[in-house]
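# Architecture and fold: a report
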Amino acid sequence: MKTFLRFLGNLATVIIAFVLYTLLQLGYAQKKVNLLFAVILAVLTVAVIYWMYWIYKRELKQENDWFFNAKPHWDVKRIIISVAAFFTLVVFQIAYVRLFGGNTISKNQEELDAIRKVASPMFNVLLVIVAPICEEFIFRALFFNTFFPVENVFNKWVGIVVSGFIFAYGHDPMFSKFIYLYWVMGMILAWTYVTTKDVRYSILTHMLNNILSIL
């Protein structure tokens, strides 16, 4: 019973985190942003991210069979893994688009490009900083705490596949041919998380990928 109640609590946390992230996205997509709005949005962003990290650590104190988020947080080996995952993402995206993309881009990318043309420069802050942090907490950190809290080979690989699929559905809910692209991208990010056992590294990989996408 206690385990089930913990699951329900963690599931509620994932849903709340997703809703808060969605609201932040609406703020960053505004066409005109004055200084007061920018300051308020920045404060709210820090508050939401802090809450996600706080609740993540709180969940790990209750159950952490994976030994996620253990100190020290940074080391050269895991940085290399994160950067290697980034290059894998880039190579896969290029190969997939050339083989299956044709002259089209995903609906998600099309919408992002359209918003970037009219939105304030703060939208780039969302793409490069806010989105990678929030999405990695939602689709990786909180996700594994909720659905795959016990470390074993089955949970690792099923968790990677399922996490990747949910990430893909969030970026391509119409199930176009690009959903497989996002699916593999999500799996690479999930693999980075469970391999390094620290969400900082999948965030780093995600950030590098998104920086490249706006250049």
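Here the structure is a predicted model, which means the values were calculated and not measured.

### Re the side chain of Thr196
Relative to the elements of secondary structure, Thr196 occurs in helix H7 (residues 179-196). Within polar-contact distance, the side chain of Thr196 engages the backbone oxygen of Tyr193 at 3.5 Å. Within the local environment of Thr196, its side chain forms a polar contact with the backbone oxygen of Asp198, the two atoms lying 3.2 Å apart. Thr196 has contacts with Arg78, Ile81 and Tyr201, leaving out every residue within four places of it along the chain.

### What about the pattern of salt bridges?
Should the charged atoms of two oppositely charged side chains come close, the side chains can pair. Scanning the entire structure with this criterion turns up 6 salt bridges. Two residues, Arg6 and Glu63, come together in a salt bridge whose shortest N-O distance is 3.3 Å. On the criterion of sequence distance, the pair formed by Arg6 in helix H1 (residues 2-28) and Glu63 in the loop between helix H2 (35-62) and helix H3 (76-101) is long-range, its members being 57 residues apart. Its salt-bridge partner being Glu136, residue Arg140 comes within 2.7 Å of it at the nearest N-O pair. With Arg140 and Glu136 both in helix H5 (residues 122-147), this residue pair falls 4 residues apart, about one helical turn. Here the two residues Arg140 and Glu136 agree in accessibility, since each one is buried.

### Some details on the nonpolar core
Among the nonpolar cores identified, the biggest contains 50 residues, and Met52, Tyr56, Phe68, Phe137, Phe144 and Tyr193 are the most heavily contacted of them. Breaking this core down by element, the ones donating at least two residues are H1, H2, H3, H5, helix H6 (153-171), H7 and helix H8 (199-214). For this core, the element with the most residues is H5, which contributes 15 residues. The residues touching Met52, leaving out its near neighbours within four places in the chain, are Ala17, Tyr21, Cys134, Phe137 and Ile138.

### Details of the UniProt feature "domain: CAAX prenyl protease 2/Lysostaphin resistance protein A-like" (unreviewed entry) in the protein
Here, UniProt's "domain: CAAX prenyl protease 2/Lysostaphin resistance protein A-like" (unreviewed entry) annotation points to residues 122-212. Taken as a whole, residues 122-212 contains 85% helix and 0% strand, while its terminal C-alpha atoms sit 17 Å from one another.

### A word on the side chain of His206
For His206, the position within the fold is in helix H8. Judged by relative accessible area, which is 4%, His206 ranks as buried. In this structure the side chain of His206 is engaged in a polar contact, spanning 2.7 Å, whose partner is the side chain of Glu136. Apart from the residues lying within four places of it in its own chain, the contact partners of His206 are Pro132, Glu135, Glu136, Arg140, Phe167 and Leu189.

### Considerations on unusual backbone geometry
In the segment running from Lys71 into Pro72, the intervening peptide bond is cis, with an omega of -5°. Although it is not a glycine, Asn69 sits at a positive phi angle of roughly 65°. Along the chain, Asn69 falls in the loop between H2 and H3. On the accessibility criterion, Asn69 (13% relative accessible area) is buried. Even without glycine at this site, Phe175 takes up a positive phi of about 55°.

Conventions we followed
- Residues numbered from 1 in each chain as written.
- Predicted model: local features only at pLDDT ≥ 70, side-chain atom pairs only at ≥ 80, totals over all residues.
- Heavy atoms only, no water.
- Helix = DSSP H or I, 4+ residues; strand = E, 2+ residues; numbered from the N terminus.
- Polar contact = N/O pair within 3.5 Å; in protein donor to acceptor, adjacent residues only side chain to side chain.
- Contact = heavy atoms within 4.5 Å.
- Salt bridge = Lys/Arg side-chain N within 4 Å of Asp/Glu carboxyl O.
- Buried < 20%, exposed > 50% of the residue type's maximum accessible area, 1.4 Å probe, protein only.
- Core = buried A, V, L, I, M, F, W, Y, C linked by side-chain atoms within 4.5 Å.
- UniProt positions renumbered as here; feature names shortened; annotations may be inferred.

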